[in-house]
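Spelled out from the first residue to the last, the chains are:
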Amino acid sequence: MRNILLNFLKFENQDFGTTVFRKVAEAGVFKDGFSYYDFEVDGRNVKYEISDTILEGYTSFTLPAYLNIGLVSKKIYEKIIDASNQVNGRFILHPEKEYNRRIHFVIESHQKGRKCVWIEPYFLKSKKVWGILIGFQFIVSESVLSDGYKLDRDIQIASGSLNARGLSNLDFYLFKYNHVITFIKNILPGINSKLNNAINSSLFPIESYLLDAKQYVFKEDKVDSSSYFGLSKYAPLQTVSKETTFYFIYRKADRGIAVNLLKGLRGESHPNTFSGIEKFFKIPFTNDHIKGFALDDYSEPNISKIVEEIKGEVNNVLPVIITNSKKEKSDDKLYFSIKHRFTNEGIPCQVVTKDLIINDNALKFSLGNIALQMFAKAGGIPWKMKPATTEYLIIGIGQSYNIETTDAGNKIEKNITYSVLTDSSGIFKDLQVLSEGISTDDSYYTQLVNNIAGIINNGKYKKIAVHTPFRLSKEKVLDKVVKLIDPNIELSVLVINDKTDFFGFDALNNGLVPFESTFLKLSGHEYLVWFEGIQPSNPKITKRFGNPLSIKFWYTNNPQFFQDIDYKESLLQDCINLSGANWRGFKAKQLPVSVFYCQRISEFIGKFRQYELSHIDINNLKPWFL
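Residues numbered from 1 in each chain as written. Predicted model: local features only at pLDDT ≥ 70, side-chain atom pairs only at ≥ 80, totals over all residues. Heavy atoms only, no water.

Looking at an unreviewed UniProt entry, one finds the chain named Protein argonaute and attributed to Mucilaginibacter terrenus. What UniProt records for the chain under Sequence similarities (unreviewed entry) is the sentence "Belongs to the argonaute family. Long pAgo subfamily." (UniProt positions renumbered as here; feature names shortened; annotations may be inferred.)

Shown next, in the form of C-alpha cells:
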C-alpha cells in the first residue's frame with residue numbers, strides 16, 4: 001500500500017453548519033427562485049422546497065455535512081463564488097447549467113485560448129470529507145472555434161499532450177501537477193482570505209493498492225508479460241483457419257506506395273522493427289497469397305467489381321486498401337464510405353493511409369500494428385489474457401445516437417444500442433444490436449431487456465459482467481433482465497468511465513506517475529484505476545501515460561457480491577486484463593476492449609450517419625472495427 005495524492009483539497013473544518021429554510025414541496029410544483037431536494041424522513045424520501053431566506057411556513061434546518069450532498073455542494077459553491085469575486089481571470093464556463101458547480105481560473109493566456117485550473121465542490125465519500133476537486137484544462141478561444149477548429153500542434157502543446165518540441169509529453173503528470181500547484185500558491189490564498197472555512201493547500205493523500213500485472217497467453221498456453229515479445233517468441237493463440245488471400249487495392253498513381261507497404265509487411269524494409277507477417281503471425285504471405293488491383297479511382301462500379309470478385313473466391317480474403325489521409329472532408333468521407341461498403345457486404349477490410357506509408361519513420365513503427373489488425377480481421381486470434389479467476393462472459397454495451405428535428409420543431413433522440421461480447425480472457429466473440437429506436441419509447445426498452453436476457457440465457461455462463469460507459473436504468477432495464485434469467489447466474493454491472501475528472505500523483509515515482517494497475521477507493525462502490533503507468537520493475541517513463549479510469553459497481557442481482565472486496569477486486573483485475581486484449585495495436589489505448597471496441601463502433605456508426613450512408617447490419621461480423 002502507498003499513498004496517491006488525489007486532485008482534491010479538503011476543507012480545514014468539516015462542520016459547515018449550513019442552514020437552509022424548507023417546507024414539504026407540493027407534488028409536481030416547481031417554482032422559480034427555489035431549490036428542490038429530497039430528505040430522508042422516517043425511512044422514506046420526502047421532497048422539500050428550499051429557500052435561502054426565512055419565509056412563512058418554512059422551518060430552519062441545519063445541514064450536517066454528510067447529508068444531502070447536492071444541497072451542501074450548492075452552498076459551498078456559492079461561498080467560493082463570493083470569496084473569489086475579486087480574483088482576476090475567474091469565470092464560469094457554463095453559467096446557464098443549473099447544476100454546474102465548476103469555477104475556472106486563468107493561469108496563463110495563450111494565442112489560441114486560456115490555460116486554466118478549475119475547481120468544484122466534492123464530497124469524498126470513502127473518507128467522508130468535503131473539499132474541492134481541482135484540475136487543469138485548456139480552453140480553446142471562441143475565435144479559434146468559430147474559424148473551423150482543428151486540434152493542431154499548438155493546442156496539443158498547450159493542453160500538455162505534446163511537449164514544447166511537439167513530441168509526446170512524457171512529463172504529462174508533471175505538467176498537470178505544476179499548474180495545480182501554481183493555483184495553490186498564487187490564487188488559493190486570496191480565496192481562503194475571504195472564506196470562513198479555509199481550503200487546505202495540500203493535495204489529499206489516499207491509500208492505494210496494486211492489482212496484478214497483465215499476463216498474455218499464446219499457443220500451447222505459453223505466457224508472457226508483453227504481447228509483442230510474446231508473439232516474437234511464441235505462435236499466435238489461434239491461426240487463421242482458412243488459407244487467406246490479401247487483395248492490395250490502390251489507385252494506379254499510388255502503385256509505388258502500395259509496393260512500399262507490401263515490402264514492409266513482408267519484413268523486407270524494416271526487419272529490425274517488424275520481421276514480417278509470415279514470420280510473426282505464422283501465416284503465408286507469399287506472392288501466391290497476394291493479388292494487386294490498380295484502380296483509376298474508388299468509384300462505386302470499381303469497388304463493386306472487387307466486392308463481387310471477393311465473393312467468388314474460395315479462399316478467405318482480406319482487402320488492404322490504400323487511400324489519402326483523413327485531413328480533408330472529402331478524404332474522410334471516402335475512408336468511411338469504403339469501410340461502409342465492405343462492412344455492409346460482411347467483408348472486414350484494412351484501410352491504410354498514404355501519409356502513413358510515405359512517412360518512413362511512422363511506417364516503421366506502425367507495421368506491426370497494421371499486421372496485427374490484418375491478422376485479427378482475417379480471423380486469427382493473436383493472444384488472450386489470463387483471467388483473474390475462471391472464464392466468464394463480459395458484455396460491453398455501447399450507444400450511438402443522433403438528434404432529429406421534426407417539422408413541428410421537436411427534437412427526437414434516436415438510439416442504437418449494441419453489445420460487444422468477449423469472455424474474461426478478452427477473446428472477441430460477437431457483436432449484436434440490442435435495441436434501436438427512440439430512447440423514450442417503451443419498445444426501445446423492451447428490445448433492450450429481451451436481447452440482454454437472450455444473450456445471457458444463450459451464453460451458458462454462470463457468471464456475467466456488463467461493462468458500460470453509462471448508467472443503465474435499474475428500473476427500466478436491469479431489474480427486468482434479472483426476472484428473465486436463471487437466478488443462479490451471477491450478474492454484475494460496472495460503469496467504466498475514461499473521461500473522469502479524477503487524477504492522482506505518486507510523489508515517490510519518476511514524473512509523479514503511479515504504477516500500472518494502481519487503484520484507490522473513491523466511495524463504497526467507486527474506484528479510480530490506472531490502466532497504464534510505470535512498471536514496478538522498470539520505473540522509466542516510456543510514453544505519455546493517460547488519465548486513470550473510474551469504475552463504479554452499479555448493479556448486481558446479489559448485493560452480497562458487492563460487499564465482498566475480493567469479488568470486486570477480481571472484477572477490477574479482469575478490467576485491467578481486458579485492456580491488454582486490444583488487437584488494434586501493441587501499444588493501443590489502454591481501455592478494456594469491452595469499452596474500447598464500443599467506442600470504435602460508435603465512431604463508425606456516427607460517421608456513417610454523417611455521410612448519409614445506409615444503415616448496415618453490424619451483427620455477427622469479424623472485428624471489422626479494429
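There is more to say, and it comes next.
A. The arrangement of the overall build of the chain in detail. Along the chain, the regular secondary structure elements total 17 helices and 27 strands. Taken against the 2.2 N^0.38 rule, which gives 25 Å for 626 residues, the C-alpha radius of gyration of the chain at 27 Å falls within 12% of a compact globule. When its C-alpha atoms are laid out on the principal axes, the chain stretches across 90 × 55 × 55 Å. Taken over 626 residues, the chain has a buried fraction of 53%. Long-range contacts, defined as pairs at least 24 residues apart, comprise 67% of the intrachain contacts of the chain with a sequence gap of at least 6. As displayed, the chain has an accessible area near 29200 Å², and 47% of this comes from carbon and sulfur atoms. (Helix = DSSP H or I, 4+ residues; strand = E, 2+ residues; numbered from the N terminus. Rg over C-alpha atoms; globule rule 2.2 N^0.38 Å. Buried < 20%, exposed > 50% of the residue type's maximum accessible area, 1.4 Å probe, protein only. Contact = heavy atoms within 4.5 Å. Areas by Shrake-Rupley, 256 points an atom, 1.4 Å probe, with all protein chains shown as cover.)

B. Broad picture of the pattern of salt bridges. A complete count under the given rule lists 27 salt bridges for this structure. One salt bridge in this structure joins K252 and D296, with 3.0 Å as the shortest N-O distance. With K252 in the loop between β14 (244-251) and α7 (255-266) and D296 in the loop between β15 (290-295) and α9 (300-311), this residue pair connects regions lying 44 residues apart in the sequence. A salt bridge links E345 to K311; the shortest N-O distance between them is 2.7 Å. Taken as a pair, E345 in the loop between α10 (329-344) and β17 (350-353) and K311 in helix α9 lie far apart in primary sequence, 34 residues in all. (Salt bridge = Lys/Arg side-chain N within 4 Å of Asp/Glu carboxyl O.)

C. Representation of the domain arrangement of the chain. We note that the domain assignment places domain 1 (18-63), domain 2 (72-203), domain 3 (239-378) and domain 4 (392-499 + 554-611) within the chain. Taking only C-alpha atoms, the centre of domain 1 and the centre of domain 3 are 64 Å apart. (Domains from an automatic or database assignment.)

D. Just the packing of α10 against helix α17 (residues 593-610), in detail. Contact pair α10 / α17: the axes reach a minimum separation of 10 Å and the direction vectors enclose 115 degrees. Of the possible angle classes, the one that applies to α10 and α17 is roughly perpendicular. You can see that α10 and α17 cross each other, and the crossing is left-handed. Of the residues in α17, those touching α10 at K329, D332, Y335, F336, K339 and H340 are E603, F604, K607, F608 and Q610. Class assignment of the residues belonging to the contact of α10 with α17 gives a composition of four nonpolar, two polar and five charged. (Axes fitted to C-alpha atoms, helices over the stretch in contact; angles between N-to-C directions. Parallel < 35°, antiparallel > 145°, perpendicular 65-115°, else oblique. Left-handed = near helix turned anticlockwise from the far one by under 90°. Nonpolar A, V, L, I, M, F, W, Y, C, P; charged D, E, K, R; others polar.)

E. Highlighting the nonpolar core. Core analysis: the biggest nonpolar cluster contains 101 residues, and L261, L265, F281 and F342 have the highest contact counts within it. Ranked by residues supplied to this core, first place goes to α17 with nine residues. Residue assignment places this core across two domains, with domain 3 (239-378) and domain 4 (392-499 + 554-611) each supplying three or more. Other than its neighbours up to four places away in sequence, F281 contacts L231, P236, T239, F274, G276, A371, L372, F375 and F586. Counting residues in each nonpolar core, the second largest holds 62 residues, with V20, A65, V87 and W530 among its members. (Core = buried A, V, L, I, M, F, W, Y, C linked by side-chain atoms within 4.5 Å.)

F. The state of the cysteines, seen in detail. Evaluated as defined, the whole model comprises zero disulfides. Here C598 is not cross-linked by a disulfide; its sulfur's nearest cysteine counterpart is in C575, at 13 Å. (Disulfide = S-S within 2.5 Å.)

G. Spotlight on the UniProt feature "domain: Piwi" (unreviewed entry) in the chain. As annotated by UniProt and renumbered to match this structure, "domain: Piwi" (unreviewed entry) occupies residues 317-398. Taken end to end, residues 317-398 has its terminal C-alpha atoms 29 Å apart, with 48% of it in helix and 23% in strand.

H. How the structure looks around the packing of α7 against helix α12 (residues 360-377). α12 packs onto α7 with a crossing angle of 75 degrees between their chain directions and a minimal axis gap of 9 Å. Classified by the angle their axes make, α7 and α12 are roughly perpendicular. Where α7 approaches α12, its residues L261, G264 and L265 are matched on the opposing element by L363, L367, I370, A371 and M374. For the contact of α7 with α12, the residue count by class is seven nonpolar, one polar and no charged.

I. Representation of the sheet that holds strand β10 (residues 129-140). Taken in spatial order, the five strands line up as β2-β10-β9-β8-β7 in an open sheet, and their pairing is antiparallel. With one partner strand each, in any of the chains shown, β2 (8-10) and β7 (90-91) form the two edges of the open sheet. One ladder, built from three bridges, connects β2 with β10; its direction is antiparallel. Opposite K10, over in β10, you have G131 as the bridge partner. Here helix α4 (residues 172-186) sits on the sheet in contact with β2, β8 (103-110), β9 (113-124) and β10, set at roughly 80 degrees to β9. (Pairing = 2+ DSSP bridges.)

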